[in-house]
Amino acid sequence: MGYLDAQEGDAERTAFRRAEKRYKFYKHSSTSARSIKHRESVPPTDLSDVIDFRKIRHLGFSTESGIKMDDKNFQWPVFTMEQHPGFYFIPEALGIEEQMHWIKESLTTFPQPPNRTNHTAVYGPIFDLWNRAQKGESTVLPMKKKETHKHCPIPRTPFLDHLSPISTEIDCANGLSDLSETTSDNTPDNESNKNSADGKSYIDANGAISGEQQHSTSIPLSVLLRKLRWATLGLQFDWSKRAYDLSLPYNKMPQKLCDLASKLAEPAMPDSEFHAEAAIVNYFGQDDMLGGHLDDMEKDWSKPIVSISFGCKAIFLLGGPTREHKPTAMFLRSGDVVLMAGPARGCFHGVPRIFVDPKQADLPDFSTCDPSCKTFIDYINRSRINLNIRQVF
Ligand SMILES: O=C(O)CCC(=O)C(=O)O
Ligand SMILES: [Fe+2]
């Protein structure tokens, strides 16, 4: 049985996995015989039953049953779905300037130590990643682990235990799993996959370290920026124990983000105030996905998760309490907000697809932003960022 067969078997196992497989991105770039054969067998993704709340908002009505819009009680029109109690969708909650503010923060301030990122466990704290990457700096970083490893031996991802078996390899440099075909199609990029002529070491597309010196390594910071997959704000999380580790140093959540989150959370908790204590920043490129998972680490599920999307359009799957429940697929675009509270807190969800193709990305017109935003626009035009904000206690 070949690799793809093995994937297929796993992918078909539950309703959630079937939906992930249906919506995932298939790379078409390789010219290998296997890829061409596979490409021919993959029909274009049928997006006809992906719910588009933005479209419904602009049309003013929905043909889907069970979708309700409340446009009286809050600052924004808020959608609910009868089959998903505790779930709220607020399309276009953030304007363009505000989106750009949080995109900048997500790339400059939020990955700063003591906040941890997917790079911390391997390279230790990295200061000023964004600015130094823009300047083309490389850095000699002491490796925390001396051994060369193609696949990460330690939990590197918040989502390790819900990675889809469709993705049989965990990319060390990816906090997220890659649902796309990664056999012969996994063309490493030129910059990061070279053995160094100068005797230095580089990380390749799989996070492996090559070169002569295994104990320290020179890495272009642009590579680490491109491989940034998550950062944690506020209370820090120990992903191996799946628990907040209160002994880890942390900065309080930025007040402006707390204020925004408590305003956005109102539809899910109209009678009390949401106190943001922690957040995960997820960074997605075209091949990245977030496998179906539950967020069950916080104590009180009546407090919503406030989830804000920036950049390229994505498909969000919202399932039920097990993976056997068929998930509802919906588009998430830049500026959209999702709240998951009560029963929805106990529902599997994930992001199987990011649309980075400019024709499909549905990006807002960031060109109206200040010229100093250019580098951020270049990044976000090919990426997606999600701010996932939680009240822990
Ligand atoms: O990226 C998203 O929209 C969802 C992220 C998420 O579910 C999480 O961080 O737990
Ligand atoms: Fe989640």
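Residues numbered from 1 in each chain as written. Chains lettered and ligands numbered in written order. Predicted model: local features only at pLDDT ≥ 70, side-chain atom pairs only at ≥ 80, totals over all residues. Heavy atoms only, no water.

Novice: Account for the overall build of the chain, naming residues and giving values.
Specialist: Looking only at helices and strands, the chain has 10 helices and 18 strands in total. In the chain, which comprises 393 residues, the proportion classed as buried is 57%. Residue pairs in contact within the chain that sit at least 24 positions apart in sequence constitute 74% of those at least 6 positions apart. Split by element, the accessible area of the chain, about 16,900 Å² in all, is 52% carbon and sulfur. (Helix = DSSP H or I, 4+ residues; strand = E, 2+ residues; numbered from the N terminus. Buried < 20%, exposed > 50% of the residue type's maximum accessible area, 1.4 Å probe, protein only. Contact = heavy atoms within 4.5 Å. Areas by Shrake-Rupley, 256 points an atom, 1.4 Å probe, with all protein chains shown as cover.)

Novice: Give me the lowdown on the packing of helix α5 (residues 96-108) against helix α9 (residues 255-264), citing residues and values where you can.
Specialist: Where α5 contacts α9, the two axes come as close as 12 Å, and the packing angle between them is 130°. In terms of their interaxial angle, α5 and α9 are classed as oblique. By crossing handedness, the relation of α5 to α9 is classed as left-handed. Residues E98, H101 and W102 of α5 touch α9, and the partners they reach there are K256, L257 and L260. Looking at side-chain class alone, the contact of α5 with α9 contains three nonpolar, one polar and two charged residues. (Axes fitted to C-alpha atoms, helices over the stretch in contact; angles between N-to-C directions. Parallel < 35°, antiparallel > 145°, perpendicular 65-115°, else oblique. Left-handed = near helix turned anticlockwise from the far one by under 90°. Nonpolar A, V, L, I, M, F, W, Y, C, P; charged D, E, K, R; others polar.)

Novice: Any chance you could break down the UniProt feature "binding site: Fe cation" (unreviewed entry) in the chain for me, citing the residues and the numbers?
Specialist: In the UniProt entry, the feature "binding site: Fe cation" (unreviewed entry) is given for H293, D295 and H349. With the annotated positions falling across 57 residues, the maximum pairwise C-alpha distance of 8.9 Å places them together in a single cluster. Of the annotated set named above, H293, D295 and H349 line the largest cavity. Here H293 shows up in strand β12 (residues 290-293). A distance of 2.9 Å separates a polar side-chain atom of H293 from the backbone oxygen of G291. By the secondary structure assignment, D295 is in the loop between β12 and β13 (305-311). Classification of D295 by relative accessible area gives buried; the value is 3%. (UniProt positions renumbered as here; feature names shortened; annotations may be inferred. 1 Å grid on protein atoms, 1.4 Å probe; cavity = no way out; pocket = protein on both sides within 12 Å on 5 of 7 lines; lining within 4 Å. Polar contact = N/O pair within 3.5 Å; in protein donor to acceptor, adjacent residues only side chain to side chain.)

Novice: Break down the coordination of the iron ion (ligand 2) for me, citing the residues and quoting the values.
Specialist: Bound to the iron ion (ligand 2) on the protein side are H293 (NE2), D295 (OD) and H349 (NE2), at distances that span 2.1 to 2.2 Å. Sequence positions of the donors to the iron ion (ligand 2) reduce to the motif H-x1-D-x53-H. Taken as a pair, H293 and D295 share a single burial class, namely buried. (Donors = N, O, S within 2.8 Å, 3.2 Å for Na, K, Ca; no water.)

Novice: Can you lay out the sheet that holds strand β11 (residues 278-284) for me, pointing to particular residues and giving the numbers?
Specialist: Strand pairing in a sheet relies on backbone hydrogen bonds. The paired strands run either parallel or antiparallel. If you walk across this open sheet you meet the eight strands as β1-β2-β3-β16-β13-β18-β11-β8, and the pairing is antiparallel. Both edges of this open sheet fall to β1 (67-70) and β8 (230-234), since each of them pairs with a single strand only. In this sheet, neighbouring strand axes are inclined to one another by 20° on average, regardless of whether the strands run parallel or antiparallel. Contacting β11, β13 and β18 (384-390), α5 runs over the sheet at an angle of about 85° to β18. The strands that α9 touches are β3 (87-90), β8, β13, β16 (337-340) and β18; relative to β13, the one it contacts most, it runs at about 110°. (Pairing = 2+ DSSP bridges.)

Novice: Could you give an account of the site of ligand 1, with specific residues and numbers?
Specialist: The immediate surroundings of ligand 1 are formed by 13 residues, with N282, H293, D295, H349 and R384 found nearest. Side-chain polar atom of D295 to an oxygen atom of ligand 1: 3.1 Å apart, as the coordinates give it. Contacts to ligand 1 include N386, whose side-chain N or O atom sits 3.3 Å from an oxygen atom. Protein coverage of the free-state accessible area of ligand 1, which is 290 Å², stands at 99%. With respect to the pocket detection grid, ligand 1 is positioned in the largest cavity. Among the secondary structure elements, those contributing two or more residues to the shell around ligand 1 are β11, β12, β17 (349-354) and β18. When residues in the shell around ligand 1 are grouped by element, the largest group, four residues, is from β18. (Near = heavy atom within 4 Å. Sits in = over half its atoms within 2 Å of the grid points.)

Novice: Explain the packing of aromatic side chains to me, and be specific about the residues and the numbers.
Specialist: Under the definition given, this model contains 11 aromatic pairs. Taken together through their ring pairs, the aromatic side chains of W230, F237, W239 and Y244 make up a single cluster. Positioned above the aromatic ring of F284, the side-chain terminus of R384 is 5.0 Å from the ring centre. (Phe/Tyr/Trp six-rings, centres within 6.5 Å; stacked < 30°, edge-to-face > 60°. Lys NZ or Arg CZ within 6 Å of the ring centre and 35° of its normal.)

Novice: Now, about empty space enclosed by the protein: what can you tell me, with residues and values included?
Specialist: Summed over all chains, the structure comprises eight cavities of 30 Å³ or more. In this structure, the largest cavity spans a volume of roughly 150 Å³. Along the walls of the largest cavity sit 19 residues, with L290, S307, H349, N386 and N388 positioned nearest its centre. For the lining of the largest cavity, the elements supplying multiple residues, two or more each, are β11, β12, β13, β16, β17 and β18. Top contributing element to the lining of the largest cavity by residue count: β18, with four residues. (Points joined across faces, edges and corners; volume = space filled by probe spheres on them.)

Novice: Explain the confidence of the model for the chain to me, using residue names and the numbers behind them.
Specialist: Residues at a pLDDT of 70 or more form 74% of the chain, whose mean pLDDT is 80. Predicted confidence for residues 146-213 stays below pLDDT 50, and this span has 177 contacts to residues more than four positions away or in other chains. (pLDDT = per-residue confidence, 0-100.)

Novice: Kindly report on the sheet that holds β17, identifying the contributing residues and their values.
Specialist: Spatially, four strands are ordered β12-β17-β14-β15 in an open sheet, and the strand pairing comes out antiparallel. Unpaired on one side and paired on the other, β12 and β15 (328-332) mark the two borders of the sheet. This sheet shows a mean twist of 25° between the axes of neighbouring strands, independent of strand direction. Of the strand pairs in this sheet, β12 and β17 are connected by two bridges, and their pairing is antiparallel. The residue bridging L290 from the neighbouring strand is V351, located in β17.

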